[in-house]
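# Structural characterization, general
The chain contents come next:
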Amino acid sequence: MIELVPATAELVGQKAGLKNLPCLRAICGVEDGRMVGIAGTYLRDDGLIAFVEVDPWVWQHKRVVVKAAAKFFEWARSTGLPVHAMADEAPASRRFLEHYGFKCLFGNIYEWHP
């Protein structure tokens, strides 16, 4: 069973490329002590940048994805800052962002306002 927990340095260290990411806030999906996904934001001059890195099979666990998204938007609303995200190549990525109210600015760059 996937458990949602606040990100820690130890968990973030399990994903290559995330070790030096200045996280403002993040939540991790953990199963059997192993991080299977992370979602969060980090601060930039013009707002928050959203990131998600999830093992592909995790998307099948819709209840966990919805709970993590709810947590994410709770944090994002509390900041009052716009959130920017970049959709990846998968068509589901754009659908996911648009479902949660992100608007396409150009290309694969999206923005959400609280």
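Quick look at the structure, then. A quick note: this is a predicted structure, and the numbers were derived from the prediction, not measured. (Residues numbered from 1 in each chain as written. Predicted model: local features only at pLDDT ≥ 70, side-chain atom pairs only at ≥ 80, totals over all residues. Heavy atoms only, no water.)

Once that is clear, we can look at the nonpolar core. Counting residues in each nonpolar core, the largest one holds 12 residues, listed as Leu48, Ala50, Phe72, Phe73, Ala76, Val83, Ala85, Ala87, Leu97, Phe102, Tyr110 and Trp112. For this core, the leading source of residues is helix α2 (residues 62-79), giving three residues. Excluding residues within four positions of it along the chain, Ala87 makes contact with Ser93, Arg94, Leu97, Asn108 and Tyr110. Of all hydrophobic cores here, the second largest spans 11 residues; its members include Leu11, Val12, Val30 and Ile38. (Core = buried A, V, L, I, M, F, W, Y, C linked by side-chain atoms within 4.5 Å. Buried < 20%, exposed > 50% of the residue type's maximum accessible area, 1.4 Å probe, protein only. Helix = DSSP H or I, 4+ residues; strand = E, 2+ residues; numbered from the N terminus. Contact = heavy atoms within 4.5 Å.)

The next thing to look at is the pairing of strand β7 (residues 109-112). Pairing of strand β5 (residues 83-86) with β7, which is carried by four bridges, proceeds in the antiparallel orientation. Paired with Ala85 across the two strands is Tyr110, which belongs to β7. As paired strands, strand β6 (residues 103-106) and β7 are joined by three bridges and run antiparallel to one another. Bridge pairing in β7 places Phe106 opposite Ile109. Count of turn residues in the β6/β7 antiparallel hairpin: two residues, of which Gly107 carries a positive phi of about 50 degrees. (Pairing = 2+ DSSP bridges.)

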